[in-house]
Amino acid sequence: MDTTAATPDDPAAGAAPPDGTVLPDGGAPPRARLRRPSRKALLLGLGVPAAVAVLGLGVLFAAVQVPRPETLESPQVSLITFSDGKEIARVGAQNRVDVPLSKVSEAARRAVLAAENRDFYSEPGISPKGILRAAWANVRGGGVKQGASTITQQYAKNAYLSQERTLSRKLKEVVIAVKLERAYSKDEVLEFYLNTVYFGRGAYGIQTAAQTYFGKPAAQLTAGEGAVLAALLRSPAAYDPVEDPQDARERWDYVVKGMQEEGWLEGEQPAYPAVKPKDTSDELAGPQGYLVQQVQDELEREGFTEGMIRSSGLRITTTVDPRVQAEAVKAVESVTGKTLPEGVHRALVAVEPGTGAIRAQYAGTDYLKKPFNAATQGTAQAGSSFKPYVLAAALDSRMSLRSTMDGASPQTFGDYEVENYGDEQFGEIDLVQATAHSVNTVYVPLGERAGLSHVAEVATRLGITADMSKDSQLPSFPLGTTSVTPLSQAVAYATIAARGQHADAYLVETVEDAKGRVLYEAARKTVEALTSDVADDTSYALQQVVADGTGRAAQLPGRPAAGKTGTTTGNTAAWFVGYTPQLATSVAIFSEDPDVPLRDMAGVDEVTGGSLPAKTWSRFMEAALEGEPVEEFPPPAYGGVEPTPSPLPSATATAEPSATPEPTTSPTPLVEVSPYVYGYAPPTNQPYQPATSQPVEPQPEQTYEEQPYAQPSATARTGSGRRQSTPSPAPTG
C-alpha cells in the first residue's frame, strides 16, 4: 500500500477532482491520511523529557543527605496568640529520650510492625504500589495530601520537620528512604523510627511514650501495652485510650489480630492494659485552657495533626480580643461568683456579626479541673430564647409585625394546653408585643402558622446546629424544647444582627510556620439566611424586649440593644442572648441534671433568663463596647402582608357604651395606648404603636417578683412574674 503523502492536487488531499465529478458523502472529500511520526522522532520526543527527569532525580539523589536521629532538628514549641499578637499559651515541648533497639521489648517492636508495616524486613524501603495509590489520590484531590507509609518512608518524613505539602518534599522522602536502605540495616532504620515517631501527649519516641502511658521503660512493655502504643501511631489524638476509649480499643484489636496472623504472639491473646491518666500541662490551666484546646481542635479539623501543632514552631493567631476576653471572665465571675454548685455550668460567647469571628469566650473556670467546654459541648433547652427563630420564620412566611393574635391564657391547641406565666392575660396583640412579653399562647399558634418544619429550617439557616427533626413535630417546639449550645445561639443571633447574613464561627485567624510563611488563613464567607427586611423586623421586635419587656435587665446605657430571655420549665436552664450591630453575645447557665433546678445561686432564689444571665450580658457588653461608636439598628421594614388596620384610639380616649352591651357589674374600660410603650425607637423611624387596642376586664392588683416592665402593657393585666410557664416539657420565657 502506498503510504506517501498526497500532493496538493491529489483528491486525497481534499481538493475537488479535475473532471468535476461529484464527491461521495454530499461533496465532502475523503479524509487525508496522517503521516506517521518516524521512530527517531518518537525516541527524541520521549527521550528528552525522560533524560531531564533522570538527571533531576540524580541531582536530587546526590544533594539530599540522610539524617540520623541525633542530628534531627528539635521539635519547636508553637505559640497561640490573641488577635493583637499577645501570647495566650505555648503548646508542645521536646520530650524525647533515644534508646537502642535492644532496649525496646520484642513484643512492642512486633506490635509496631503489625500496625504500620508487616513486611518491613522483607520488602524494600519504599512501596511502589503505595506511592502510585497516593499519587492517584493526590491527583484526584487536587494536591499532595497522601503519602505511602512504609516505616522507612515514615522516618524519612519525620526527618523533615517542615509541614509543606509539596511534591518536592515527597520526592525528598523517597530519596531518603532509598538511601536509608543502602546505608543502614533494617534494625537500624527501625531504631531510628522508634526514637523519632510521635505517640501523642507530647511524647516523641517509644521510650518517652512508655513512661507517659504506662510508667515503665520501653524494655518492659508487654504485647498488650505495645499494641496500645502501636495503635496511637496512625492518629495519636484519635486513639488515646483516655480521650476515645472505643476507637482506641478497635484499633488495638486490629494490631493484636495482625500480630496473631503473623505468628508473633505466644500463648493467649493479651488483655487490654490500663493506661495512665492524661497529665495535662499548665498550658490548659484556668479559663484560657478551653480556648487553647478549642484552637487545637479547630486546627485538626483543618488538617493539622497534633504532632504538627505541638512540634512545628507554628504561630497561631486567634480572633480573640484580649481586652474583651478579660471582660468576659470578669463579667461572668463577678455576677455568678468564682464557682457554681456541682453540676451547674455557665458559658458566654461573643461573636462578631457578619464575620463569625469569636471575640471572647468563657467556657468554664479551669480546664484542668473540668475539661468540659460549656460553650461548645454544653447543651440546654433554649426556652424562650428560641422564639426569635419562630418570629423570623413567621416573617419569612409573609406575616407582618402588625399581625395580631390572641394572647389569652390558657389556650388549647389540639391536645396541648398552653398558659402564660402566672396565667398572665393579654388581649389581641401584635407580634411586637407578643415578643416583648414572651407570650406563649401567641407563639405556639404562630409556629403552626409559619410551619414547624419551616421554623426548624430557618433556625438551621441562622446557625442552630441541633437536630430538630423530632422536636419540630411537637406543638411545644416554638417554646424552645430543643437543646442548643451557647456558641450556636451566639451565631444565630449574630446572623440576625448582620441583617440576615450568616457566617460560621471560627477561632483561628492565621497560622504561620517557623519561617513566617502563611500555612492557613481563615476564609470568611457569608450566606444569606434571611432577607434584610425580615432580619430588620426581627431585630426591631427584639429591641422592645430589652427596652421594656422581659429583658429590661440587659439594657445598655446610651446604646440600643436587642435580645431575648429564656428560662425552661423547672428552671434547669436560663439564657440571655442579644446583640448590638457590632457584637452578638450568648449567656447561659444550666444544670446538667434535668431534675435539679437553678436555685439559691449568687443571691438569687430562682434563676431566670432575666436575672443572672441578663445581668451578666449587660455587664459584659457595656465593658466590651466601651469606646466603640454607638451604632443604631436599621428601622423596621414592616414587611409581609399586614392585617386590616383597626382605628387607633386617641391619646385621651374614654369608654363608650357598646352597641349591644351585656350585663356587667361594672363598665368595661377601653384602655389608652401610649405611642411610646416600648421605649427606644430609632430616630429615623416612626414611634412604635400597637396594631390595635382591646377592652380588658379589670383584675385585682398584683405585684411583680422582678419588676420585668417599667409599666405593665396597656392591653395586659399585671401578672406575677417574668418567666413564662407552660406544662412540662415545654420550656418557657
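Here, the structure is the one placed above.
So, a few notes on the structure that sits alongside this text.

About the criteria used
- Residues numbered from 1 in each chain as written.
- Predicted model: local features only at pLDDT ≥ 70, side-chain atom pairs only at ≥ 80, totals over all residues.
- Heavy atoms only, no water.
- Buried < 20%, exposed > 50% of the residue type's maximum accessible area, 1.4 Å probe, protein only.
- Helix = DSSP H or I, 4+ residues; strand = E, 2+ residues; numbered from the N terminus.
- Pairing = 2+ DSSP bridges.
- Axes fitted to C-alpha atoms, helices over the stretch in contact; angles between N-to-C directions.
- Core = buried A, V, L, I, M, F, W, Y, C linked by side-chain atoms within 4.5 Å.
- Contact = heavy atoms within 4.5 Å.
- Salt bridge = Lys/Arg side-chain N within 4 Å of Asp/Glu carboxyl O.
- Parallel < 35°, antiparallel > 145°, perpendicular 65-115°, else oblique.
- Left-handed = near helix turned anticlockwise from the far one by under 90°.
- Nonpolar A, V, L, I, M, F, W, Y, C, P; charged D, E, K, R; others polar.
- Polar contact = N/O pair within 3.5 Å; in protein donor to acceptor, adjacent residues only side chain to side chain.

**Some thoughts on the pairing of strand β16 (residues 562-567)**
Most of β16 is tucked away: six of the six residues are buried. Across the two faces of β16 the burial is the same, with A562, K564 and G566 and G563, T565 and T567 all buried. In this sheet, strand β17 (residues 573-579) lies alongside β16 in antiparallel orientation, the contact comprising six bridges. Paired with T567 across the bridge in β17 is A574. What sits between β16 and β17 in their antiparallel hairpin is a turn of five residues, with G570 showing a positive phi close to 85°.

**Some remarks on the sheet that holds β17**
The strand order across the open sheet built from five strands is β5-β4-β18-β17-β16, with neighbouring strands paired in antiparallel fashion. The sheet is open, and its two borders are formed by β5 (358-362) and β16, each paired with just one other strand. Each neighbouring strand pair of the sheet contributes to a mean axis angle of 5°, computed without reference to strand direction. Pairing of strand β4 (residues 344-351) with β5, which is carried by four bridges, proceeds in the antiparallel orientation.

**Quick word on the environment of M308**
Structurally, the position occupied by M308 is in helix α11 (residues 306-311). Sequence separation between M308 and G92 is 216 residues, and the spatial gap between their C-alpha atoms is 9.7 Å.

**Details of the nonpolar core**
I316, F386 and Y579 are the most contacted members of the largest nonpolar core, which totals 95 residues. The greatest single-element share of this core, amounting to eight residues, is contributed by helix α17 (residues 486-497). Sequence-distant contacts of Y579, defined by excluding residues within four places in its chain, comprise Y493, I496, A497, S539, L542, A561, A562, A584, W617, M621 and F633. Counting residues in each nonpolar core, the second largest holds 46 residues, with Y155, F199, A218 and L233 among its members.

**Comments concerning unusual backbone geometry**
The amide bond that connects S409 to the next residue, P410, takes the cis arrangement and shows omega of -5°. Tracing the chain through its elements places P410 in the loop between β7 (404-406) and β8 (411-413). Positive phi is not limited to glycine here, since R201 has a value of about 55°. In this structure, R201 sits in the loop between α6 (186-196) and α7 (206-214). The backbone of R499 sits at a positive phi, close to 60°, despite the residue not being glycine. Considering the arrangement of structural elements, one finds R499 in the loop between α17 and β12 (501-503).

**As for the pattern of salt bridges**
All chains considered together, the criterion is met by 20 salt bridges. Between E243 and K278 there is a salt bridge; the shortest N-O distance is 3.6 Å. Of this pair, E243 sits in the loop between α8 (223-232) and α9 (245-261) while K278 is found in the loop between α9 and α10 (288-301), placing the two residues 35 residues apart along the sequence. Relative accessible area serves as the criterion here: at 46%, E243 is assigned to the partly exposed category. Looking at K278, the relative accessible area reads 37%, which means it is partly exposed. R461 is the salt-bridge partner of D396, the closest N and O atoms lying 3.5 Å from each other. Taken as a pair, D396 in helix α13 (residues 387-396) and R461 in helix α16 (residues 452-462) lie far apart in primary sequence, 65 residues in all. Among the residues examined, D396 registers a relative accessible area of 26% and is labelled partly exposed. According to the relative accessible area criterion, R461 is partly exposed, its value standing at 27%.

**Things to note about α8**
For α8, a buried count of ten out of ten residues is recorded, marking the element as mostly surrounded by other parts of the structure. Regarding α8, the residues found buried are A223, G224, E225, G226, A227, V228, L229, A230, A231 and L232. The inward-facing, buried residues of α8 contact α2 (106-116), α7 and α9.

**Quick word on the sheet that holds strand β14 (residues 518-521)**
The mixed open sheet is built from five strands, whose spatial order is β2-β1-β3-β13-β14. One side of each edge strand has no neighbouring strand; the edge strands of this open sheet are β2 (87-91) and β14. Between one strand axis and the next, the sheet turns by 15° as a mean value, whatever way the strands run. Pairing of strand β1 (residues 78-81) with strand β3 (residues 315-318), which is carried by three bridges, proceeds in the parallel orientation. When the bridges of β3 are listed, L79 appears paired with R315. Each of β1, β2, β3 and β13 (508-512) touches α10; the most contacted strand, β2, lies at about 60° to it.

**Let's talk about the packing of helix α4 (residues 151-158) against α6**
α6 packs onto α4 with a crossing angle of 50° between their chain directions and a minimal axis gap of 9 Å. By the angle between their directions, the pair α4 and α6 is classed as oblique. Here α4 and α6 pass one another in a crossing that is left-handed. Judged by residue contacts, I151, T152, Q154, Y155 and N158 of α4 engage V189, L190, F192, Y193 and T196 from α6. Partitioning the contact of α4 with α6 into residue classes produces six nonpolar, four polar and no charged.

**A look at the side chain of R201**
By relative accessible area, R201 is classed as buried at 13%. Within the structure, the side chain of R201 is placed 3.0 Å from the backbone oxygen of K276, a separation counted as a polar contact. Within the local environment of R201, its side chain forms a polar contact with the backbone oxygen of P277, the two atoms lying 3.4 Å apart. Beyond its immediate chain neighbours, meaning those up to four positions away, R201 contacts T212, Y213, D240, V242, V275, K276, P277, K278 and E306.

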